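# Observations on chain architecture
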Amino acid sequence: NTSEVTFNMKNRYIKIGILILIIVLLSILGLGYINHKEADLTREKVLECFENNNDMFDGAVKKLKQHSDRYQIYNDGTYEGDYKDKNILDFMRITKCEEIKKTEDLIIFAMNSLSADGGNYCFCGIYYSANDKPHILVYSKDHELEKHGDGWSMANSDEYSNYYTENIENRFYYYEGIFCP
């Protein structure tokens, strides 16, 4: 009986070990997928897209500024608000823009966003600033920007969340960040 109990205990430990190994492997594969998705639109690719389609961004801003309401446009053709222009979907397809959001002072061209478990959120893109000033796009009002290299980064950030923006051309800014609540 003692040898049978010992055998069952060893069997149980082997099964637990295999289960842990499977969980670790799946986690690694999952992180690989997330990193691959994040790499789809890197800073360099976003800036290259802007440079190659500069006239299209200018034209989109001119069109979008004419409409004074706040709205959001998604690359699947859905809208929030009353701005409807099918040509803007062609712009979004060419520039790989996932979403366009217009506020009072900004037109935001979200080009890469990724949500992960636990509410973590990575994002980057370009925005047009009517007042030609850098802005924090997703954090609360108690954060401020401070000069950092060629751009600005978020002051008062914790070790898990960060935000960076820089002027790339007259009134156009590149932005990137990660938010981990």
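Quick caveat: nothing in here was measured; it's all calculated off a predicted structure. One numbering rule holds for all chains: residues counted from 1, following each sequence as written. A pLDDT threshold of at least 70 governs which residues receive local features in this predicted model, and a stricter bar of 80 or more applies before side-chain atom pairs are shown or counted, although totals over entire chains, interfaces and linings include all residues. Working from all heavy atoms in the structure, the side-chain values ignore hydrogens and water.

Our next topic: the pairing of strand 7 (residues 151–154). The side chains of a regular strand alternate, residue by residue, between the two faces of the sheet. Across 4 bridges, the pairing between strand 6 (residues 145–148) and strand 7 is antiparallel. When the bridges of strand 7 are listed, E146 appears paired with S153. The pairing of strand 7 with strand 8 (residues 162–169) spans 2 bridges and is classified as antiparallel. Residue pairing for strand 8: S153 is matched across the bridge by Y164. Between any two strands, at least two bridges found by DSSP are needed for them to pair. Helix and strand definitions here come from DSSP, where helices need a minimum of 4 consecutive H or I residues and strands a minimum of 2 consecutive E residues; each element is numbered from the N-terminal end.

Bringing the environment of E99 into the picture now. Structurally, E99 can be placed in strand 3 (residues 99–102). We classify E99 as partly exposed; its relative accessible area is 22%. Three labels apply to residues, based on accessible area from a 1.4 Å probe with only protein chains included: buried if under 20% of the type maximum, exposed if over 50%, partly exposed otherwise in between.

Pairs of aromatic rings are described using the distance from one ring centre to the other and the angle between the two planes. Pairing of aromatic side chains requires ring centres within 6.5 Å, counting the rings of Phe and Tyr and the six-membered ring of Trp. Pairs whose planes differ by under 30 degrees are stacked, by over 60 edge-to-face, and all others tilted. The final tally for this structure, using the stated rule, is 12 aromatic pairs. Judged by centre distance (5.1 Å) and plane angle (55°), the ring pair of F50 and F57 falls under tilted. Summarising the burial analysis for this pair, F50 and F57 share the class buried. Their ring planes at 85° and their centres at 5.1 Å tell us that F57 and F91 sit as a pair that is edge-to-face. Separated by 34 residues along the polypeptide, F57 in helix 3 (residues 54–66) and F91 in helix 4 (residues 86–95) bring together distant segments of the chain. Its relative accessible area of 1% is what places F57 among the buried residues. Charges are assigned to positions over rings by a cutoff of 6 Å between ring centre and Lys NZ or Arg CZ, combined with an angular limit of 35 degrees from the ring normal. Lying over the aromatic face of Y174, R43 brings its terminal NZ or CZ to 5.5 Å of the ring centre.

Without other data, these values stay purely geometric and don't point to any function.
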